[in-house]
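# Summary of the model geometry
Single-letter residue listing:
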Amino acid sequence: MSTMHAVRGHHRGGPEQLTYEVAPRPEAGAGEVLVAVRSASITLGELTWDATWTDSFDGSGNLRTPIIPSKEVSGIVARVGQGVTDWDVGDEVYGLIPFTRDGAAAEYVAVPAAVLAAKPSRLDHDRAAALPLAGLTAWQGLVGHGGLRPGFRVLVHGGAGGVGSVAVQLAAALGASVTATASASSADFVRELGAEHVVDYRTERFEEHVKDMDLVLDTVGGDTQDRSWQVLRPGGALVSIVAPPDPSKEGGVFFIVEPDRTGLDELTRLVDDGKLEPRVERVVPLAETAQAYTALEEGHRLGKIVLRVA
């Protein structure tokens, strides 16, 4: 059996459970491609998700240990499985790996061909790997669930965060007027992303400055979500990626992002048109993956941490 270097977790837990080791190299099954990973990206909280360790989202399924983390990948097609006609060996691809499968913290990963898209030509693999999860979350939240159209008034909570920073860029690129909440220290950064107005959530109550929003994207939850109803226009939408909004009120939506080639293609178009730029704070070697996950838990970051595999 062929082998590869990978980061694996043999027991459920945090970064302390991750080991850089030699592991079996996966094969491309029917409908899959084997990707030679160039870069992978990691997400805060990923090691707490049931889907990371089991074959279900609610933890009711079977353990999959040892697992390989990291659900965002950018790399090169090394092999194609039976029935795959849309990719060839050597194609540069990127994408979001289904959450209940092994991830990209390895030299190779087998991925359903249908969830991959052509890598944006303007991005290297490090920056391409930083886009799929945050990008698709923002796209599906704003466009798919929020129905964003040019001229919309949009409020993005957590505008400097991983999803929020992409959502601000995306909403502005699609013709919306964007307001975002962020700390004072991040305000200039968020304005550079495309926000017309930034509210300092630490010293100001956003509902005293914002009104008649067509769409609120909630990446914070809790009291922030509850207060967001006050700033929506009648018929507006409150879309959350944190927790389901109050079901007694109309317009609330909660969703979990899904792998989606069509959405990635839209993101690629915006990137290659110069309207969207994923932010990378740090690039680390694959062997330092455990330390990278630990670093995610140590304060706020203006960009993703990316694993450079090759």
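To be clear, the structure that these remarks concern was listed above.
Here is a short report on the structure shown in this document. (Residues numbered from 1 in each chain as written. Predicted model: local features only at pLDDT ≥ 70, side-chain atom pairs only at ≥ 80, totals over all residues. Heavy atoms only, no water.)

## Quick notes on a nonpolar patch on the surface
The condition is simple: Grouping into patches uses exposed residues only, defined as over 30% relative accessible area, and leaves out salt-bridged ones; the cut-off is 9 Å for like charges and 5 Å for nonpolar side chains (Val, Leu, Ile, Met, Phe, Trp, Tyr). Using a 1.4 Å probe, the Shrake-Rupley method yields the accessible areas, and only the shown protein chains count as cover for residues. When a carboxyl oxygen of Asp or Glu is within 4 Å of a side-chain nitrogen of Lys or Arg, the pair counts as a salt bridge. Numbered from the N terminus, helices here are DSSP runs of H or I no shorter than four residues, and strands are runs of E no shorter than two.
Judged by side-chain polarity, F57, F254 and I256 come together as a nonpolar surface patch covering roughly 300 Å² of accessible area. Its location among the elements puts F57 in the loop between α1 (50-53) and β4 (72-80).

## Focus on the pairing of strand β5 (residues 92-96)
Cut-off, in case you're wondering: Exposure is judged per residue with a 1.4 Å probe applied to protein chains only, and the accessible area is read against the type maximum: over 50% gives exposed, under 20% gives buried, and values in between give partly exposed. One requirement defines pairing of two strands: DSSP has to find at least two bridges between them.
The buried fraction of β5 amounts to 4 of the 5 residues, a majority that puts the element mostly inside the structure. Taken together, the 5 bridges between β4 and β5 define a ladder with antiparallel strand orientation. Residue pairing for β5: I76 is matched across the bridge by E92.

## Examining the packing of helix α3 (residues 132-145) against helix α7 (residues 261-272)
Formally: Every angle, taken between N-to-C directions, lies between 0 and 180 degrees, and every axis is a line fitted to C-alpha atoms, over only the stretch in contact when it is a helix. Orientation is classified from the angle alone, with under 35 degrees giving roughly parallel, over 145 giving roughly antiparallel, 65 to 115 giving roughly perpendicular, and any other angle giving oblique. Only heavy atoms matter for contacts: two residues are in contact if any of them lie within 4.5 Å across the pair. Nonpolar residues are Ala, Val, Leu, Ile, Met, Phe, Trp, Tyr, Cys and Pro. Charged residues are Asp, Glu, Lys and Arg, and all others, Gly as well, are polar.
Look at α3 against α7: their axes get within 10 Å of each other, and the N-to-C directions meet at 100°. Judged by the angle between their axes, α3 and α7 are roughly perpendicular. Between α3 and α7, the residues in contact are P132, G135, L136 and W139 and G263, L264, E266 and L267, respectively. Grouping the constituent residues of the contact of α3 with α7 by class yields 5 nonpolar, 2 polar and 1 charged.

## Some points on the side chain of E207
Spelled out, the test is: Think of a polar contact as two N or O atoms within 3.5 Å of one another; within protein, one of them needs to be a possible hydrogen donor and the other a possible acceptor, and neighboring residues in sequence only count if both atoms come from side chains.
Note on placement: E207 falls in the loop between β10 (197-200) and β11 (213-218). We classify E207 as buried; its relative accessible area is 16%. Within the structure, E207 has its side chain in polar contact with the side chain of R205 (distance 2.8 Å). At 3.0 Å, the side chain of E207 and the side chain of R227 are in polar contact. With residues up to four places along the chain from it excluded, the contact list for E207 reads R227, Q230 and V231.

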